[in-house]
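# Results of the structural survey
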Amino acid sequence: MCLSAAYLAAGAASSAGEGAPADPPATEIRYLSGTGYGDEVRWDFKLDSRTGRRAGVWSRLPVPSQWQQEGFGSYEYGHDDRKAGDIGHYRHRFQVPESWAGRRIELVFDGVMTDTSVQIDGQQVGPVHQGGFYRFLYDVTGFVAAGAEHQLEVSVRQKSKSWSVEAAERDADYWVFGGIYRPVWLRALPAASIDHVAVDARHGGSLLARVRTVGAPESARVRAQVLAMDGGPVAELAAVPVESGEVLDADLGPDARSTEVRGTVDDVRSWSAETPHLYRLRLELIDGADVLHRHEETIGFRTVEWRTGADGDRGFFVNGRRVLLRGVNRHAFWPASGRTVNRALDRRDVRLMKEMQLNAVRASHYPPDVSFLEACDEMGLYVIDELAGWHDAYGTRVGRRLVREMVERDVNHPSIVLWANGNEDGWNAKLDKEFARYDPQGRLVMHPRGLLEPIDSAHYPTWQEWVHGLDLDDPRRREGKDPDGELHIATEALHGLFDGGAGAGLEEFWGRLRSSPRGVGLFLWAFTDEAVERTDLGRALDTDGNHAPDGVLGPYREPSGSVVALQQVFSPVGLVDVDTLDSGGVELTLENRFDHLNFSDVELRSSWRRHDGGETRAGGAEPLPSASPGERVTLTFEPPAELPAETATLHVEGVARGWTVFERVFPLVPPRLGERDGLGDLRVEEGETTVTLLAGAETGLEISRDLSTVALLAEGRRISLGAPRVTEDAQCGLPGPESSKSGESQPPAEIELLVDAAGASALVSGAGCLERYIWTVRPNGRVELAWRVLGGPAAPLLGVVLEASPEVVASMEWIGEGPSRQWGNRLHGTWGRYSKRAADDPGLRWAHEPKFRGYHRAGLVSLGLDAGESVGDAASEGGELVLELDPDQLFFGLFAPRFPEDSKTAVAVVHSPDGLAFLHRLPPIGSKQNGAAELSPPAPTGDPVSYSGRVVFSLVDGAMDFPP
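Remember, it's a predicted structure, so these values are computed and weren't measured experimentally. (Residues numbered from 1 in each chain as written. Predicted model: local features only at pLDDT ≥ 70, side-chain atom pairs only at ≥ 80, totals over all residues. Heavy atoms only, no water.)

This structure, assessed with the given rule, holds 31 aromatic pairs. Ring centres of Trp334 and Tyr556 lie 5.6 Å apart, and the angle between their planes is 80 degrees; this geometry places the pair in the edge-to-face category. Of the two residues, Trp334 is situated in the loop between strand S25 (325-329) and helix H2 (343-355) and Tyr556 in the loop between strand S35 (540-542) and helix H8 (563-569); the sequence distance between them amounts to 222 residues. Feature note: the residues Trp43, Phe45, Trp67, Phe72 and Tyr90 constitute an aromatic cluster, connected by ring pairs. Here the basic side chain of Arg307 rests over the ring of Phe317, its NZ or CZ set 4.0 Å away from the ring centre. (Phe/Tyr/Trp six-rings, centres within 6.5 Å; stacked < 30°, edge-to-face > 60°. Helix = DSSP H or I, 4+ residues; strand = E, 2+ residues; numbered from the N terminus. Lys NZ or Arg CZ within 6 Å of the ring centre and 35° of its normal.)

Throughout the structure, instances matching the rule amount to one disulfide. Across a sulfur-sulfur distance of 1.8 Å, Cys732 and Cys769 are joined as a disulfide pair. Its S-S torsion of about -65 degrees marks the bond between Cys732 and Cys769 as left-handed, since a negative value means left-handed. Of the two residues, Cys732 sits in the loop between strand S48 (724-726) and strand S49 (752-756) while Cys769 sits in the loop between strand S50 (759-765) and strand S51 (770-777), which places them 37 residues apart along the sequence. The residues Cys732 and Cys769 share a single accessibility class, namely buried. (Disulfide = S-S within 2.5 Å. Buried < 20%, exposed > 50% of the residue type's maximum accessible area, 1.4 Å probe, protein only.)

For strand S8 (residues 115-120) and strand S11 (residues 149-157), the ladder comprises six bridges, and the chain directions are antiparallel. From the neighbouring strand, Val118 faces S11, where its bridge partner is Val154. Here two bridges tie S8 to strand S9 (residues 123-124), and the two strands are oriented antiparallel to one another. Bridge pairing in S9 links Gln119 to Gln124. Connecting S8 to the antiparallel partner S9 that follows it, the hairpin turn spans two residues, and Asp121 within it adopts a positive phi of roughly 55 degrees. (Pairing = 2+ DSSP bridges.)

Pairing of side chains with opposite charge becomes possible as their charged atoms draw close. A complete count under the given rule lists 62 salt bridges for this structure. Two residues, Arg104 and Asp195, come together in a salt bridge whose shortest N-O distance is 3.0 Å. Of the two residues, Arg104 sits in strand S6 (residues 104-109) while Asp195 sits in strand S15 (residues 193-201), which places them 91 residues apart along the sequence. Comparing Arg104 with Asp195, the two get one shared label, buried. Connected through shared salt-bridge partners, Arg104, Glu106, Arg187, Asp195, Arg212 and Glu408 make up one network. (Salt bridge = Lys/Arg side-chain N within 4 Å of Asp/Glu carboxyl O.)

Given below as structure tokens:
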């Protein structure tokens, strides 16, 4: 049987005042537990366990909860070969309201892990339920009495006695728990009642409601009314007699009947992820003038189609328009409570997905809480609702019952557009047709990572596999299958791990999908790192090594480096081109990548700001010009005349239906240091082992004659660094020992020195990949390094490194792109002013992404230095070192990023030696399943190319000062 979310309105039906007509009888509920994490009711509890904590003693346990998170039992990951057979015993006393006399009373469990046996006053109320992710109920009318108090006893076996339930649900790649982890309640229905409703509401306004009644008299009818969400009437459908249609739930008895209500609603507002319009469907069981029972459902009018016609009529369609699914996989999980969540957490997750420009979510690998589906309905996300089955399937007998429980609970959510029968070989094909028995919409059933016509589903495709899967004419497609009859989707893609995965190669993968008539969408793995607070380890976070730190977000929903990539790649306001005008303005070409909305539904807001955070001027807010999906518009933004010429950035934000759908910052004037007065005469001092370039008495640069070190000098401060070296992966292809990984260039015979009014310089000519470099000390004391390097087109990274000690740098502030570090296949960032501290870096812990080391596109960088040892045993006295770069040509690398030993493919080639890197090309990063080279188009070929670069160092005054 099904209990609609509409029944979860707290309390009983209100009583009418004297002389007023009574409210129609409605379903009433009374919680025996709390409603979720943070709202629990304590029951008596005892754990039977040989090895688990706090076993054998009755105590008090919050319900709902996972008992491991309350200090009982032991922790198990699904991959563990041996799992404990712990059994939890619950007791709870409850009272049935006197007003429930004569009603049918049911005891409802929303989710229990795993085998559940229930008694009331010592009597078994029904068979043991097996399946940990499903709502189930017992008719307890004959076991309770109105006004009486009763003892509820529930025994929960963590390890199922059903081999197929254990294999499908618990031998899996996620944490497994025990306990009553979702709410428990009583519900009371009139003796003659509407037991269940399944709705098919189409975007043209047609409506079918399949209504199941229990105890209805022969003369009864069902009438229906469609209401707005505020209760206002929209349409009334003709009442129909209760018929003796097929009832699929044999447990209901002989007085259960099924009938259908049909009608059409004019001028309906359709539901989609972009336009999530909802209605209330009110159904009443009537007999003459009497209303025997009133039932309400929240519905949305929408039509879902999977078309396999010619180009332009192929793909996934919602309300007649093709839709590409920008999705993510999500487990119901919170570190403190395991799979016990609550309405607020569910709604927060949906908001975060919408903010990342996602329009779809796969409820992997089991059906989620109802409150999550309600949030998807209300805020707009397409949902794949999945029957559990990680790599193994349910047996047919138990699977049929669980399909029924899943579909009957979830059938009326307009957000659900697909049913998934298990995952990665964890499907039982005999269950495929079971879904349609309970779903009048006939939604498609799919096999994730399998082929079930018309959907061909892939997991973790490489770039080449992705191209082949999306190509209609590729000869390597499956033999015997007509490619015109298949649609392609990746239900798991770009497997996040540590700092790799979710955004790595996303722009290329998504662009290829958008250009393919076979493409349906892709779902990133995964939404969050699944790290549990271990109550046996002082609530330390545990991801079971590299098994579960897979998220775009951290365990507490902290953003990772891939968030900005999702926001920019998936934005429905596509940025096609940017031109900077001679007037200082910007011209943007935007493409409408919405599925249903016109650009006129987007309000565009702009503002002009300075790099130093000073004066800000609003540029206005107005709707975008009208453009239908697929069309483009060009906009010009001119800075206000009263703003100074050095106005630095243009901020543009687009808002549609309350959501930010586009947000970009365009740097117009690169950040530059303010001018400084000259410090004195320029000169060169040559020693036996060093050459010193000076401006004034003590500001400048010292170079060792063997070119092993340099030292920046200013006002008694000294910062020692290694001499410039090309990155070891330049692949410049020169003959001799420098042929592929150059390391150091050949030492020159001499250093060429030059002093003129512009500066004191030392030119070093190399014979390897680092063709030449020149140090120059300017009259104002700033030091410049300019260079020319030779690099192969396939080199994973290319640039110059100054070796330095990581212990010296305590903080970094930069004006450039952030907030997270960037990679060659994840260059996305937002221009701004950012900072980070070494002390805040979590290191190589799986549960938190390290952020201090890494690469950024930057114009100005300020490094906070601690006093300490540096290269060459020279001491750093602390202070600040400011670097000025050209952000259009160079990236700055603050020490080489590191990876845990078991990151395997989720790594990148990083610069060597360690230190400060100035790079023309950033290295790409891999994912958990694919190395970096597998996530991109083939590397280019050709002859090495020369690149030139320049960076300015400043120790004078130390701060990022700007022109006045």
